[in-house]
Amino acid sequence: MADLSPQELRVLAAVADAGGFSAAGAALGLTQSAVSHSVRGSEAKVGAVLFERGRAGARPTPAGERAVALGRRILRMYEVLGAEARGAGRDTVAGVLRIAAFRSAALHLLPPALDRLTARHPGIRPEVRVVRELGAGTAGEVAAGRADLGIATLNATGATGSVPAEAAAPGRLLTGVLREEAYALVHPAGHPDPKALPLLDWDENCGSYTRDWWRAQDWIPRATVKAEDDGMVLTMVGRGLGMAILPELSLREATDAVDITGLGPSGPVRRVGYVTTPEFASTLAVRALIRELRAEEG
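All of the points below concern the structure found in this document. Since the model is a prediction, treat every value here as computed from it, not as a measurement.

**Focus: the environment of Pro 221**
- In this fold, Pro 221 is placed in the loop between α9 (211-215) and β8 (225-227).
- In this structure, the C-alpha to C-alpha distance between Pro 221 and Leu 197, residues 24 residues apart in sequence, is 8.9 Å.

If you want it as structure tokens, here you go:
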């Protein structure tokens, strides 16, 4: 099989991002026919159909999704090659560092770690994207080649709970636990019977790490309100609209309008950690960020 060139990989990624050959051509400064020709050539080299063509545009096939994800990661390694070479043997590194994180991690875990990181390595330029922990979540951004490192919720074994193993293969995702945090009951301040209140929740809550505990609690009703995120849930609880069960990171935004009650030693605990790929785990910037994240939690 002939190797795909960097330009062919760029075309594949552009078609996947734009959803069509014409739009990809406009983004790359190429004609539609040039994009089509490049994709056909790539498919011939790979030996698989990479895009489904239709009147609505083009969408990756399963083979195309894998090829595009790995292609993005390969292109990204081309980008960091120079910074890695220049930083070899030095105690500094420069360049863009792409990070995906869920909301409360982006608010509370990343800022102090990034402050220290950029103080030690002024040439690093962090780019942070807030990604909801639904579906593929932050780990999916890493697997798809859109982020160098993700801050994700992990399951009990330390694996990512949202991305199936095959999504990251070949080259499985690497993870590491940064913190374990307990959930707590949060309710309007001074309420005499908070467990009698309606439950407020949000779609990202209650992952695999809490489901068994959640199902065993007969006092937890079905959620009457589902908000956009944990911050909105906390605000609504403070306004007396119900109670909620939130992890520690979310509760860092709590005000005097709410009280927080622990759920005891058998209460649910979630793991928060980093997710990266084997190739990025060895890069200077990712290693430096992991050190700062670990120092933050140490």
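**Section: the nonpolar core**
- In this structure, Leu 97, Leu 149, Ile 151, Leu 289 and Leu 293 are the most contacted members of the largest nonpolar core, which totals 27 residues.
- When contributions to this core are tallied by element, the ones reaching two or more residues are β3 (95-101), α5 (103-108), α6 (110-120), β5 (149-154), β11 (269-276) and α13 (284-297).
- Per-element accounting of this core gives the leading share, six residues, to α13.
- The contacts of Leu 289, once residues within four sequence positions are left out, are Leu 97, Ile 99, Leu 114, Leu 117 and Leu 149.

**Some points on the packing of aromatic side chains**
- Tallied over the full model, the rule gives two aromatic pairs.
- On the numbers, 6.5 Å between centres and 90 degrees between planes, the contact of Phe 21 with Phe 51 is edge-to-face. With Phe 21 in helix α2 (residues 21-28) and Phe 51 in strand β1 (residues 51-54), this residue pair connects regions lying 30 residues apart in the sequence.
- Classification of Phe 21 by relative accessible area gives buried; the value is 10%.
- Plain terms: the ring middles of Trp 213 and Trp 214 are 6.4 Å apart, the flat faces sit at 75 degrees to each other, and that makes the pair edge-to-face.
- The ring of Trp 219 has Lys 195 sitting right over it, with the charged end atom 4.5 Å from the ring centre.

**Things to note about the pattern of salt bridges**
- On inspection of all chains with the given rule, the structure shows 22 salt bridges.
- The shortest N-O distance in the salt bridge between Arg 76 and Asp 148 comes to 2.8 Å. With Arg 76 in helix α4 (residues 62-87) and Asp 148 in the loop between α7 (137-143) and β5, this residue pair connects regions lying 72 residues apart in the sequence.
- Given a relative accessible area of 6%, Arg 76 falls into the buried group.
- Judged by its relative accessible area of 1%, Asp 148 is buried.
- The shortest N-O distance in the salt bridge between Arg 98 and Asp 148 comes to 2.9 Å. Linking Arg 98 in strand β3 with Asp 148 in the loop between α7 and β5, this pair joins segments that are 50 residues apart in sequence.
- Counted as one network, the salt bridges with shared partners bring together Arg 179, Glu 181, Glu 248, Arg 252 and Arg 270.

**Considering the environment of Leu 246**
- Along the chain, Leu 246 falls in strand β9 (residues 244-247).
- Here Leu 246 falls in the buried class, since its relative accessible area comes to 0%.
- Residues Leu 246 and Gly 87, 159 residues apart in the sequence, show an inter-C-alpha distance of 42 Å.

**Looking at the pairing of β9**
- Burial along β9 is two-sided: the face carrying Ala 244 and Leu 246 and the face carrying Ile 245 and Pro 247 are both buried.
- In this structure, strand β6 (residues 174-188) lies alongside β9, joined through four bridges in antiparallel fashion. Bridge pairing in β9 places Ala 184 opposite Leu 246.

What counts and how
- Residues numbered from 1 in each chain as written.
- Predicted model: local features only at pLDDT ≥ 70, side-chain atom pairs only at ≥ 80, totals over all residues.
- Heavy atoms only, no water.
- Helix = DSSP H or I, 4+ residues; strand = E, 2+ residues; numbered from the N terminus.
- Core = buried A, V, L, I, M, F, W, Y, C linked by side-chain atoms within 4.5 Å.
- Buried < 20%, exposed > 50% of the residue type's maximum accessible area, 1.4 Å probe, protein only.
- Contact = heavy atoms within 4.5 Å.
- Phe/Tyr/Trp six-rings, centres within 6.5 Å; stacked < 30°, edge-to-face > 60°.
- Lys NZ or Arg CZ within 6 Å of the ring centre and 35° of its normal.
- Salt bridge = Lys/Arg side-chain N within 4 Å of Asp/Glu carboxyl O.
- Pairing = 2+ DSSP bridges.

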